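What follows is the residue order along each chain.
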Amino acid sequence: MQYVIADQENMLRDGSIKLHGADGFAGMRRAGALAAAALDMLIPHVVPGAITAELDKLVLDFVLAAGAVPATVGYRGYAHASCISINHVVCHGIPSEKTLKDGDIVNIDITVIVDGWHGDTSRMFLIGDVPLRARRLVDVTYECLWLGIEQARPGKHVGDIGAAIQAHAERQRYGVVRDFCGHGLGKLFHDAPEIVHFGRPGTGPELRPGMFFTIEPMINLGKPGVKLLDDGWTAVTRDRSLSAQFEHSIGITEDGCEIFTRSPGGFDHPPY
């Protein structure tokens, strides 16, 4: 794996892992803070009866008012400022006239571009009176995120992140989705390295200061298999079991990592 010092001359997706300096960290803090603030803004609106297209419009207006751009609008033909994934939808749920119902669990995923830097984050929301097994899935998925983040420090490897997530999820007899993964980001939306949420310790690229990437485990109540719907975006569990996901964007520092997408209001985990 090739590592390169990031500059304006090599901000192309060429398979190399970019190592960023202080300017990159400053840019990612701004982008991450706005993405997290957009999720905070949604909290009072994500309730039974909410229409997902209207939630998406709130995100669009919030991001544009801040002088930023939603990264997903126009990305590979996608037309919305967020992905809203309900119950057995694993990821990339498309906002529509669908309404949220009591008992639903919902992931909302937002990526913004601020001064060219991408802030990418998602959180789960509990709608009304959610059954215990669904709340437990959400809790364990959040725990998986943090166990992965704890491995994100210099000298560790990508495989250490995935192994920690997989071990915790499978102890609960949950399935770890293998079809989607975390990714490098920065000036690019998706870049090297891929951060898979399963694997063996000590494998994969070594983590070095200046690396930026997301950790975003998708954990299923049932088996790990997923399928893509005909719209080309929406991924659902094959066995129609519930699925949950949390995502943070992070940067590797000299002695650990910095999380760019922490909630400004402290609302990183439901209930809010």
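Everything below is about the structure shown above.
All values reported here derive from a predicted model rather than from experimental measurement.

Engineer: Account for the packing of helix α3 (residues 132-150) against helix α4 (residues 158-171), naming residues and giving values.
Structural biologist: Two elements in contact, α3 and α4, have axes whose closest approach is 8 Å; the angle formed by their N-to-C orientations is 155 degrees. With respect to α4, the axis of α3 lies roughly antiparallel. At the point where α3 passes α4, the crossing takes the right-handed sense. Residues Val 140, Glu 143, Cys 144, Leu 147 and Gly 148 of α3 touch α4, and the partners they reach there are Ile 161, Ala 164, Ile 165, His 168 and Ala 169.

Engineer: Please set out the environment of Val 138 residue by residue, giving values where relevant.
Structural biologist: Within the secondary structure layout, Val 138 lies in helix α3. Residue Val 138 is classed as buried on the basis of its relative accessible area of 1%. For the pair Val 138 and Ala 36, spaced 102 residues apart in sequence, the C-alpha separation works out to 18 Å. Discounting chain neighbours no more than four positions away, the residues touching Val 138 are Ile 105, Met 124, Leu 126, Ala 244, Phe 246, His 269 and Pro 270.

Engineer: An account of α4 is requested, with residue identities and associated values reported.
Structural biologist: Taking 1.5 Å per residue as the helical rise, α4 with its 14 residues ought to reach 20 Å, and the 21 Å between its terminal C-alpha atoms agrees with that figure. Among the 14 residues that make up α4, 11 are buried, leaving the element largely enclosed by the rest of the structure. Within α4 the residues assigned to the buried category are Val 158, Gly 159, Asp 160, Ile 161, Gly 162, Ala 163, Ala 164, Ile 165, Gln 166, His 168 and Ala 169. Summarising the contacts, the buried residues of α4 are in contact with α3, β8 (175-176), β10 (191-195), β11 (212-215) and β12 (218-220). Remark: Arg 173 follows α4 within two positions and exhibits a positive phi of approximately 65 degrees.

Conventions we followed
Residue indices begin from 1 for each chain and proceed along its sequence in written order. It should be noted that, the model being predicted, local features are given only for residues of pLDDT at least 70 and side-chain atom pairs only at 80 or more, the latter also being counted only at that level, while totals for whole chains, interfaces and linings use all residues. To get the side-chain values, take all heavy atoms of the structure and skip hydrogens and water. Here the axes come from fitting lines to C-alpha atoms, over the contacting stretch only for helices, and the angles between their N-to-C directions go from 0 to 180 degrees. Secondary structure elements follow DSSP: runs of H or I of four or more residues count as helices, runs of E of two or more count as strands, with numbering from the N terminus. Should an angle fall under 35 degrees it is taken as roughly parallel, and over 145 as roughly antiparallel, whereas 65 to 115 is taken as roughly perpendicular and any remaining angle as oblique. Crossings are sorted by hand: turned counterclockwise from the far helix by less than a right angle, the near helix makes the crossing left-handed, and turned clockwise it makes it right-handed. Note on contacts: a residue pair qualifies if any of its non-hydrogen atoms lie within 4.5 Å across the two residues. Only protein chains enter the accessibility calculation, which uses a 1.4 Å probe; a residue is then buried when its area is under 20% of its type maximum, exposed when over 50%, and partly exposed in between. What a helix should span is 1.5 Å times the count of its residues minus one.

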